[in-house]
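# Examining the three-dimensional arrangement
The chain contents come next:
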Amino acid sequence: MQTMKQAAAEFLAGKRVAVTGVSRKPQGHGSNAVYQRLRQRGYQVFAVNPNADHVEGDPCYHDLASVPGGVDWVVIGTKPETTEATMRECADLGIKRVWMHRGPGRGSVSKAAAEYGRQHGITVIEGGCPCMFDPTADPGHKAMRFVFTLTGNVPRRV
């Protein structure tokens, strides 16, 4: 097992990332905040939402298989009830890194999805947010990382 910081660094080294759950109405959606921050930091980010053709002024893909050229990793920002289906799609597509977003609530974390992913050779981060780690972090997200690590919403090891 590696530390969360090591795992986050490996994920963030990949520049092509899909973010699921990006909404047409960005207010209050964590997926949209992650999508925007990664894009601002120079990542090639792909929004995934089965019910949208465009979000944040960009094309939106209905599923991961539709993203042209594939991705290095995926941030799941949907309800936990849909996380397992996304994890299965990642396994089918050969995606080897999946981050289940989680802030103060239950986020996207699904134990069943994490177990499935690991059984299929996927490195799974169960909680936290890519915006909590350099090079994408800001002071607010770093403070959240500290608090959410104490509460267990950010894992210490992956």
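Below, the structure is looked at part by part. Along each chain, residue indices are assigned from 1 in the same order as the chain's sequence is written. Thresholds applied to this predicted model are a pLDDT of at least 70 for local features of residues and 80 or more for the giving and counting of side-chain atom pairs; totals over whole chains, interfaces and linings are not thresholded and use all residues. Each side-chain value is derived from all of the structure's non-hydrogen atoms; neither hydrogens nor water enter the calculation.

## With respect to helix α1 (residues 4–13)
Note the cut-off: Relative accessible area decides the class of each residue, using a 1.4 Å probe on protein chains only: under 20% of the type maximum gives buried, over 50% gives exposed, and in between gives partly exposed. In this text, helices come from DSSP runs of H or I with a minimum length of four residues, and strands from runs of E with a minimum of two, each type numbered from the N-terminal end. Of all possible arcs, the one meant is that of the directions from the helix axis to the C-beta atoms. Contacts were defined at the residue level, with two residues in contact if any of their heavy atoms lie within 4.5 Å.
Residues of α1 that are buried include every one of Met4, Ala7, Ala8, Phe11 and Leu12, and no others. Within α1, the buried residues cover an arc of 130° as seen down the axis, which keeps them to one side. Exposed side chains of α1 directed beyond 90 degrees from the buried face belong to Lys5 and Ala13. Buried residues along α1 sit in contact with α2 (30–40), β5 (73–76), β6 (97–100) and β7 (123–126).

## Considerations on the side chain of Asp138
What counts is decided by this rule: Each polar contact in these results corresponds to two N or O atoms within 3.5 Å; when the atoms are within protein, one needs to be able to donate a hydrogen and the other to accept it, and residues that are neighboring in sequence are counted only if both atoms are side-chain atoms.
Within the fold, Asp138 resides in the loop between β7 and α5 (139–151). What makes Asp138 buried here is its relative accessible area of 17%. One polar contact links the side chain of Asp138 to the main-chain amide nitrogen of Gly140, over a distance of 2.9 Å. Within polar-contact distance, the side chain of Asp138 engages the backbone nitrogen of His141 at 2.7 Å. Apart from the residues within four sequence positions on either side, Asp138 is in contact with Arg37 and Cys131.

## Overview of the nonpolar core
Selection rule: Residues belong to one nonpolar core when they are buried, are Ala, Val, Leu, Ile, Met, Phe, Trp, Tyr or Cys, and are joined through side-chain atoms within 4.5 Å.
Counting 28 residues, the largest nonpolar core has Val19, Leu38, Trp73, Trp99 and Phe133 as its most contacted members. Of all the secondary-structure elements, those providing two or more residues to this core are α1, β1 (16–20), α2, β2 (44–48) and β5. Considering each element in turn, this core owes the most residues, five residues, to α1. Setting aside chain neighbours within four positions, we find Phe133 in contact with Met4, Lys5, Ala8, Leu12, Trp99, Arg145 and Val154. Counting 19 residues, the second largest nonpolar core, distinct from the first, contains Phe46, Val71, Val74 and Ile76.

## Notes on the sheet that holds β6
Strand pairing in a sheet is mediated by backbone hydrogen bonds. Such pairs are either parallel or antiparallel. Note the threshold: We call two strands paired when DSSP finds no fewer than two bridges between them. Axis definition: a line fit to C-alpha positions, over the contact stretch in the case of helices; interaxial angles, taken between N-to-C directions, run 0 to 180 degrees.
Spatial ordering of the open sheet is given by β3-β4-β2-β1-β5-β6-β7, a layout of seven strands whose pairing is mixed. The sheet is open, and its two borders are formed by β3 (54–55) and β7, each paired with just one other strand. Both β5 and β6 contribute to a ladder of three bridges, which runs parallel. Paired with Val75 across the two strands is Trp99, which belongs to β6. This element, α2, spans β1, β2, β4 (58–61) and β5 of the sheet and lies at about 165° to β1. Across the sheet, helix α4 (residues 111–119) is in contact with β6 and β7; its angle to β7 comes to roughly 160°.

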